[in-house]
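The lines below spell out each chain.
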Amino acid sequence: MPELIIVGDRVLIEPESGDQQTESGLVLPASVAERDRIGSGRIRQVGPGHLIPNPDYSDDEPWAEPKKVGRYLPLEAKIGDLAFYQRNDGIEFSYRGKKYIIAPHHAILALVRPDHEDVLVELFDQDQR
């Protein structure tokens, strides 16, 4: 999905779908799970981060090499993390027949980070299908 560029402090989440099971073993249909205020899914892409002023920027020296006015502060979320996010803050859309959520980083409540190598293998396998 390199042609899809996520901007700013947003993340692209592939939501978990289908039936969910409670701790007691009760299976909840997807329609009931949709009403929850908190959603979960895998992060597929992240934006560059929060734009902040560049402390090295100065226009006092016109002969010096130009520096960028702003910098990006990276996000905590990484590709492959399982994210728990506030559903009402996310925007749902379809891209190439798959359902995704774009959410601002502040909508993420918690992250579960798996072993990095396992995630890369899983993502590579999914892209090959």
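Residues numbered from 1 in each chain as written. Predicted model: local features only at pLDDT ≥ 70, side-chain atom pairs only at ≥ 80, totals over all residues. Heavy atoms only, no water.

A.B. asks: Would you explain the environment of Lys 98 in this entry?
C.D. replies: Checked against the element boundaries, Lys 98 lands in strand S9 (residues 98–104). Given the relative accessible area of 36%, Lys 98 is considered partly exposed. Once the C-alpha coordinates of Lys 98 and Pro 15 are considered, the two residues, 83 residues apart in sequence, prove to be 9.9 Å apart. Not counting chain neighbours up to four residues away, the residues in contact with Lys 98 comprise Glu 14 and Phe 93. Within the structure, Lys 98 has its side chain in polar contact with the side chain of Glu 14 (distance 3.3 Å). (Helix = DSSP H or I, 4+ residues; strand = E, 2+ residues; numbered from the N terminus. Buried < 20%, exposed > 50% of the residue type's maximum accessible area, 1.4 Å probe, protein only. Contact = heavy atoms within 4.5 Å. Polar contact = N/O pair within 3.5 Å; in protein donor to acceptor, adjacent residues only side chain to side chain.)

A.B. asks: Honestly, unusual backbone geometry in this entry has me stumped. Any pointers?
C.D. replies: With a phi close to 55 degrees, Arg 96 is a non-glycine residue in the positive phi region. Considering the arrangement of structural elements, one finds Arg 96 in the loop between strand S8 (91–95) and S9.

A.B. asks: Could you clarify how one ought to interpret the nonpolar core in this entry?
C.D. replies: As a rule of thumb, soluble globular proteins bury nonpolar side chains together. Core analysis: the biggest nonpolar cluster contains eleven residues, these being Val 11, Ile 13, Ile 43, Leu 75, Ala 77, Ala 83, Tyr 85, Ile 101, Ala 103, Ala 107 and Ile 108. Sorting the residues of this core by element identifies strand S1 (10–15), strand S7 (82–86) and S9 as the ones contributing at least two each. The residues touching Leu 75, leaving out its near neighbours within four places in the chain, are Gly 8, Asp 9, Arg 10, Val 11, Val 46, Gly 47, Gly 49, His 50 and His 105. (Core = buried A, V, L, I, M, F, W, Y, C linked by side-chain atoms within 4.5 Å.)

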